[in-house]
Every structure is written in C-alpha cells, then in structure tokens.
Amino acid sequence: MRRIPLSFLILGLLTLLAAGAALLGAFQAPTGTDLAVHNGAGETLLADSVAGSYTTSQLNGVVVSFHFSAPDRASEVATGPTGKVEGRRRLTGSQASSVLDPVRELLTLPEFSAHGSLYQSVLPASILVPSATRTRVTGTYRTRVQLQSGYVVAVFVRIDASEGPRHIVETVEYRLSRVGGWTRSR
C-alpha cells in the first residue's frame, strides 16, 4: 500500500478551499455600479465640507440649504416657496452629521444599475419597515444617484408604498453644490 505524505494531502485540501473561496467571492462581490456608488458616498462623507440643499414632499415647497463642516458642525436655512427665509439653525454633533444621512444611506443599499448619468436602486418598500410588518407592505423604494468627480452630488428618493388601504408617496430631492474642493458648475 502506497502512503501519501500528509503534507501533500493538506496542500491539496488548502488548494481546494482557496479555489472554493475565490469562486464564492466572485459571486458575492459587489458589482461595479455598487462600488461606484458606495465609493462616491464614502468620498463625500470624508470631505472636510459639504454644501447643498434638499426638499421633501413633506416640506410643501420649503427648500433647506445647508453647509456641513467636518467633523460635526452644520448650519441650515429654510426658504419658503416665495423665497422668504422661514428659519435658520446651527447644529453640532450627530444632529450636524445628520444632514449627510441621504449620502450615508447609500452605503447600505445594494443592486445599483446605471441609467445614463444616474445610478438607480429599486427595492421593495417593505425593507423600510420592521420585519414583523413586512408581509403587509407592498410598493417600491427607488433611489437614484448622480456622481461627479468621484463624489455623490445628487440623491433622489421616491417611496411608493401601500399597507392595506393606506397608500403613501414620499419624495426627497437632495443636491450638493460643493463637496470638499469640488464645486457644481452653474
């Protein structure tokens, strides 16, 4: 009976495991579009300053302009539909960094696809609610992202969801005019 040295058996087993891990990694690796969006979001969040504005369907035409300075200072100015300033506030700590939440949220979203100059992720709206109620919620959670110079410069969100007879549609338009040294051209 011929004996196979233990070292060759271990080497063969390790080679087989490495090949399996490489194959598994290839199937579970994020796509190029996911990486582009996630890297853009990461670079934007690392910027020393970010300026922009946002509006939501809940704000009834009010536009909130903001300026964030790392690590934890921000100012906001709310302007009504007529152009009149309706409020100002200064933020610090986690409240200040919350002005970047639409960008931060991109890091958790999968399945982006390229659509012209935008990247889009369309997920079931049920992912936005606790797991106990997910089976009762239908609809979509659509996120579109614009990248420029390696930064996220716009995020558009549309939630169109139903739970039984209740139906909601909410939108967010979030645009950045300056990220670090990048400035939007007019």
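Keep in mind that this is a model prediction, so the values were computed, not measured.

J.: Help me understand the overall build of the chain, please; the structure alone is not making it clear to me.
T.: Scanning the chain from N- to C-terminus turns up four helices and 10 strands. Each helix and strand of the chain, ordered N terminal to C terminal, gives the series α-α-β-β-β-β-α-α-β-β-β-β-β-β. Of all 186 residues assigned to the chain, the portion counted as buried reaches 31%. When contacts within the chain are restricted to residue pairs at least 6 apart in sequence, those whose partners lie at least 24 apart make up 43%. Summed over all atoms, the accessible surface of the chain reaches about 11700 Å², with 58% contributed by carbon and sulfur.

J.: Is there a simple way to explain the nonpolar core in this structure?
T.: Taken as a class, soluble globular proteins show a tendency for nonpolar side chains to be buried jointly. Ranked by size, the top nonpolar core spans 36 residues in total, and within it V50, F66, L106 and Y174 carry the most contacts. Per-element accounting of this core gives the leading share, seven residues, to strand β8 (residues 151-163). Each residue touching Y174, except ones within four places of it in the same chain, is listed here: S53, Y54, F66, V99, L100, P102, V103, V153, A154 and V155.

J.: Just checking my understanding: could you explain the pairing of strand β4 (residues 85-92) for this structure?
T.: Residues in a regular strand project their side chains so that they alternate between the two faces of the sheet. Where strand β3 (residues 73-79) and β4 come together, seven bridges link them in antiparallel fashion. Each residue of the ladder has a partner; that of T79, found in β4, is V85. In this antiparallel pair of consecutive strands, β3 and β4, the connection spans five residues, and G83 shows a positive phi of 95 degrees.

J.: Please explain the environment of R134 as it appears in this structure.
T.: By the secondary structure assignment, R134 is in the loop between β6 (118-124) and β7 (137-148). Assessed through its relative accessible area of 38%, R134 is described here as partly exposed. Taking the C-alpha atoms as reference points, R134 and P124, 10 residues apart in sequence, are found 9.5 Å from one another. Ignoring sequence-local partners within four residues, the contact set of R134 consists of S126, I127 and V129. Here the side chain of R134 touches S126 through a polar contact of 3.2 Å, landing on its backbone oxygen.

J.: I'm lost on the environment of L109 in this one. Help?
T.: Relative to the elements of secondary structure, L109 occurs in the loop between α4 (101-106) and β5 (113-115). For the pair L109 and V37, spaced 72 residues apart in the sequence, the C-alpha separation amounts to 9.3 Å. For L109, the contacting residues outside a window of four places in its chain are H38, S121, L123, Y141 and T143.

Parameters at a glance
Residues numbered from 1 in each chain as written. Predicted model: local features only at pLDDT ≥ 70, side-chain atom pairs only at ≥ 80, totals over all residues. Heavy atoms only, no water. Helix = DSSP H or I, 4+ residues; strand = E, 2+ residues; numbered from the N terminus. Buried < 20%, exposed > 50% of the residue type's maximum accessible area, 1.4 Å probe, protein only. Contact = heavy atoms within 4.5 Å. Areas by Shrake-Rupley, 256 points an atom, 1.4 Å probe, with all protein chains shown as cover. Core = buried A, V, L, I, M, F, W, Y, C linked by side-chain atoms within 4.5 Å. Pairing = 2+ DSSP bridges. Polar contact = N/O pair within 3.5 Å; in protein donor to acceptor, adjacent residues only side chain to side chain.

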